[in-house]
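Fold and geometry: a report
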Amino acid sequence: MTDADVLVIGAGFAGLYAVHRAVSAGLSVIGLEAAPDVGGTWYWNRYPGARCDVESVDYSYSFDEALQQSWTWSERFAAQPEILAYLRHVADRFDLRRHYRFGVDVIAADFDAGRWHVRAADGQTYAAPFLLCATGCLSAVNRPDISGVDDFAGDVYFTAAWPREDPDLHGKRVGLIGTGSSGIQAVPLIAGQAERLVVFQRSANYSIPMPNRPWSAEEQQQIREEYPERRRISAYASAGTPHGTYHKKAVDTEPQERVEALWRRWREGGVLFAKTFPDQNSDLAANDIAREFAEERIREIVHDPVIATDLTPVDHPIGAKRICTDTGYYATFNRDNARLVNLRREPIDAITPEGVRTSDATYLCDVLVFATGFDALTGALTRIDPSGPGGVRLRDVWAEGPVTFLGLMVPGLPNLFTISGPGSPSVLANMVLHAEVQVDWVMELVLTARRLGLTEVEPRRDAADAWTDHVTKAAERTLFPKAASSWYLGANIEGKKRIFMPYAGGFGTYRRHCDAVASQNYAGLVLTTRNTPQPSPTRE
Ligand code: N01
């Protein structure tokens, strides 16, 4: 079967849920996934140390109470293998794999005669009236074009496409380029294996220790009992988790009390430190308080003051770039076999067959690890570059930055849905609950359209402009745009328009916007009925 009611691209958290929702609603659905199995980002990012920075009990589906009660997370912050095992379990439990074609790399999508025609790299096409792109925010790998990169004689690995068979790095001289979340998580593990590790850092990042530990049996029982309440609080919370900020602004809190609040968050670990105080991400004075606290921790951990200074960010308020979480990152630079190269002082000239040549030295390497990130938020979509009626192309509509309605729909591209797309909270929220909210909204719209005999649903240009303007204004109320460069801003990709892409207004607020649009009969959308002949899809 290559025709269905709905096509879903992607088999990560969002894609799997979209397929499940569509099948449960009685629709025929084809899922297309480039990898050989389910998992999405958790399929590919299997580098040493890969873990989620949101607590496992929150970073999991909420849509099915029996699933929630039956799965037991072993640790507070789940590692990649456990998250992948969970997604495989979900695929088995809801029999989702049979709707998927794996190993299918989608390269194009055109809307014609009321249907999306999706083309794969192998030439196969698939068609359906509705297309859900659950292609991920962090899936289009950034492979930097460094001079000589193809000449390197040793092994090359990308954290974002790590081999299924974990490479043995014992006794190897490893060079690692990139110090975002992936590099920072991988560094301590690689240093523990390699003979020598050289970390090439262009920009330092703030990283908070992740005090991971196993959940005790009592905690697991308590989690099960409290799940409904935990989810009820999370449903309209600002980040889709039950955690809030300190009850007072940093600038209104006495110094001693502030430090105590910061220590509490530091010890809780994870991304929550970025939200210790309610004004931390909107007021530079408040941010400075948290930033200085974190910088003091770096100086305490790292023995060599020059290295500590090099590891201290100089170009962004804390949290304005995605805060990283680690297990022993800073302390790694106290080891004899780990070295930091500050590329701002000593830029890379070229990669040679033997290693990395900077302005000052050549670092001999047997292995190069690229932890160089992604063409985030838009990359996976613009690489497909869907084209609508009259030849409207996504890349053209987004030439000056992503224009969306609710981060979910694009003017000129009917029946196309961008799950976790730019203009939605996505990476600023709990991605799993976020996917559930968006997929539920889309499926309601699809079912409504089918019930009313509508063949096309599409946002009005003025409604999309108004939402995009709202997204920009929400970002302007924060410190996010103050980062010199970040993937939130698209600034890590050459030629990409610099614009803050996620919706910073909060997950709960976003959800209320979605609810309001649906309850106002989809205000902002153009709903059309055309008499186009429709092939009737076969159900599996
Ligand atoms: O990617 P990044 P990432 N020469 O873009 C450097 C999520 N995530 O994969 O900052 C030299 O953050 C680049 O330098 P600069 C999380 O949301 C979550 O690490 O551009 N260096 C930067 O240091 C995260 O934010 C988890 O100057 C080059 C690094 O590469 C997001 O994924 C774990 C370079 C890229 O950092 C992305 O993280 C992992 C070049 N030519 C990821 N090009 C958890 O849940 C790029 N860089 C914990």
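Residues numbered from 1 in each chain as written. Predicted model: local features only at pLDDT ≥ 70, side-chain atom pairs only at ≥ 80, totals over all residues. Heavy atoms only, no water.

Attention now goes to the overall build of the protein. Within the protein, the secondary structure is distributed over 15 helices and 20 strands. Projected onto its principal axes, the C-alpha positions of the protein cover 70 × 55 × 45 Å. A burial count over the protein gives 58% of its 540 residues as buried. Taking all contacts inside the protein whose residues are at least 6 apart in sequence as the whole, residues at least 24 apart take part in 72%. About 21,400 Å² of surface is accessible on the protein, with carbon and sulfur atoms providing 49% of the total. Here the protein carries 56 positive and 68 negative side-chain charges, and the mean point of each set is 2 Å from the other. (Helix = DSSP H or I, 4+ residues; strand = E, 2+ residues; numbered from the N terminus. Buried < 20%, exposed > 50% of the residue type's maximum accessible area, 1.4 Å probe, protein only. Contact = heavy atoms within 4.5 Å. Areas by Shrake-Rupley, 256 points an atom, 1.4 Å probe, with all protein chains shown as cover. Lys, Arg positive; Asp, Glu negative; His and termini not counted. Charge placed at Lys NZ, Arg CZ, Asp CG, Glu CD.)

Further remarks concern the side chain of Arg 46. Take Arg 46: it is sitting in the loop between α2 (41–44) and α3 (65–70). Here the side chain of Arg 46 touches Tyr 43 through a polar contact of 2.8 Å, landing on its backbone oxygen. Not counting residues up to four positions away in its chain, the partners in contact with Arg 46 are Gln 80, Leu 84, Thr 159, Trp 162, Pro 163 and Arg 164. (Polar contact = N/O pair within 3.5 Å; in protein donor to acceptor, adjacent residues only side chain to side chain.)

We now examine the site of the ligand. Surrounding the ligand, one finds 25 residues, the nearest of these being Thr 179, Ser 182, Arg 202, Ser 203 and Trp 487. Between an oxygen atom of the ligand and a main-chain N or O atom of Asp 53, the distance comes to 3.1 Å. Here an oxygen atom of the ligand and a side-chain polar atom of Lys 321 are 3.3 Å apart. Within the complex, 89% of the 920 Å² of free accessible area of the ligand lies under protein. Considering every element that reaches the shell around the ligand, the biggest residue donor is helix α5 (residues 181–193), with three residues. Considering only residue class, the shell around the ligand consists of ten nonpolar, ten polar and five charged. (Near = heavy atom within 4 Å. Nonpolar A, V, L, I, M, F, W, Y, C, P; charged D, E, K, R; others polar.)

This part is about the pairing of strand β6 (residues 125–128). Within a regular beta strand, the side chains point alternately toward one face of the sheet and then the other, so they alternate between its two faces. Here strand β5 (residues 115–120) runs beside β6; their pairing, made up of four bridges, is antiparallel. Paired with Val 118 across the strands is Tyr 126, a residue of β6. What sits between the antiparallel neighbours β5 and β6 is a turn of four residues, in which Gly 123 has the positive phi angle 95°. (Pairing = 2+ DSSP bridges.)

Time to look at the sheet that holds strand β3 (residues 100–102). Within the open sheet, the five strands sit side by side as β3-β2-β1-β7-β18. Their pairing is parallel. One side of each edge strand has no neighbouring strand; the edge strands of this open sheet are β3 and β18 (416–418). Taking the axes of each pair of neighbouring strands and ignoring which way they run, one obtains an average angle of 15° across the sheet. The pairing of strand β2 (residues 29–33) with β3 spans three bridges and is parallel. By the bridge assignment for β3, Gly 31 is matched with Tyr 100. Packing against the sheet, helix α1 (residues 13–24) makes contact with β1 (6–9), β2, β3 and β7 (130–133), and its axis sits at approximately 170° to β2. (Axes fitted to C-alpha atoms, helices over the stretch in contact; angles between N-to-C directions.)

Looking now at helix α7 (residues 255–268). For an α-helix the count is 3.6 residues per turn, leaving residues at separations of three or four pointing the same way. Here α7 is 14 residues long and its end C-alpha atoms lie 20 Å apart, about the 20 Å a rise of 1.5 Å per residue gives. Among the residues of α7, those classed as buried are Arg 258, Ala 261, Leu 262, Arg 265 and Trp 266. Along the axis of α7, the buried residues cluster in a sector spanning 140°; they form a single face. Exposed residues on α7 whose side chains face more than 90 degrees from its buried face are Gln 256 and Arg 267. Taken together, the buried residues of α7 touch β11 (207–209) and α8 (284–301). A positive phi of about 80° marks Gly 269, the residue just after α7. (Expected span 1.5 Å × (residues − 1). Arc of directions from axis to C-beta.)

A few words on the pattern of salt bridges. Any two side chains of opposite charge can pair, so long as their charged atoms come close to each other. Counted according to the given criterion, the structure contains 33 salt bridges. Across the pair Arg 344 and Asp 315 runs a salt bridge, and its minimum N-O distance is 2.9 Å. Residue Arg 344 is located in the loop between β13 (338–342) and β14 (348–351), and its partner Asp 315 is located in the loop between α9 (305–310) and β12 (324–326); the two are separated by 29 residues in the primary sequence. Take Arg 344: its relative accessible area is 46%, and that puts it in the partly exposed class. Salt-bridge contacts for Asp 462 lead to Arg 460; the nearest nitrogen and oxygen are separated by 2.8 Å. Assessed through its relative accessible area of 46%, Asp 462 is described here as partly exposed. One network of salt bridges, with partners in common, ties together Asp 37, Arg 88, Asp 92 and Arg 97. (Salt bridge = Lys/Arg side-chain N within 4 Å of Asp/Glu carboxyl O.)

What follows deals with the packing of α1 against helix α13 (residues 431–452). Direction vectors running N to C along α1 and α13 enclose 35°, while the axes themselves pass 9 Å from each other. When you trace α1 past α13, the crossing you get is right-handed. Contacts from Phe 13, Ala 14, Tyr 17, Ala 18, Arg 21 and Ala 22 in α1 reach Val 432, Ala 435, Glu 436, Val 439, Asp 440, Met 443 and Glu 444 in α13. (Left-handed = near helix turned anticlockwise from the far one by under 90°.)

Relative orientation of the contacting elements α7 and α8 amounts to 60°, with a least axis distance of 11 Å. When the axes of α7 and α8 are compared, the pair comes out oblique. Seen along the crossing, α7 lies across α8 with a hand that is right-handed. From α7, Arg 258, Val 259, Leu 262, Trp 263 and Trp 266 reach across to α8, where they touch Ile 289, Ala 290, Phe 293, Ala 294 and Arg 297. Its residues placed into classes, the contact of α7 with α8 shows eight nonpolar, no polar and two charged. (Parallel < 35°, antiparallel > 145°, perpendicular 65-115°, else oblique.)

With respect to topology, five strands assemble into an open sheet ordered β8-β17-β9-β10-β13, the strand pairing being parallel. Taken across any chain shown, the strands that pair with only one partner, and hence form the sheet edges, are β8 (155–158) and β13. Direction aside, the axes of adjacent strands within the sheet are offset by 20° on average. For β8 and strand β17 (residues 367–370), the ladder comprises four bridges, and the chain directions are parallel. When the sheet's bridge partners are listed, Asp 155 is paired in β17 with Val 367. Along the sheet, α5 contacts β9 (173–177), β10 (196–201) and β17; its crossing angle with β9, the most-contacted strand, is approximately 170°.

Turning our eyes to something else, we now look at the packing of aromatic side chains. Considering all chains together, one arrives at 33 aromatic pairs under this definition. Centre to centre, the rings of Tyr 100 and Phe 102 are 5.4 Å apart; their planes meet at 20°, and the pair counts as stacked. Of the residues examined, Tyr 100 reaches a relative accessible area of 6% and is grouped as buried. The rings of Phe 13, Tyr 17, Trp 42, Tyr 59, Tyr 61, Phe 63, Trp 71, Trp 73, Tyr 86 and Phe 94 are connected pair by pair, giving a single aromatic cluster. (Phe/Tyr/Trp six-rings, centres within 6.5 Å; stacked < 30°, edge-to-face > 60°.)

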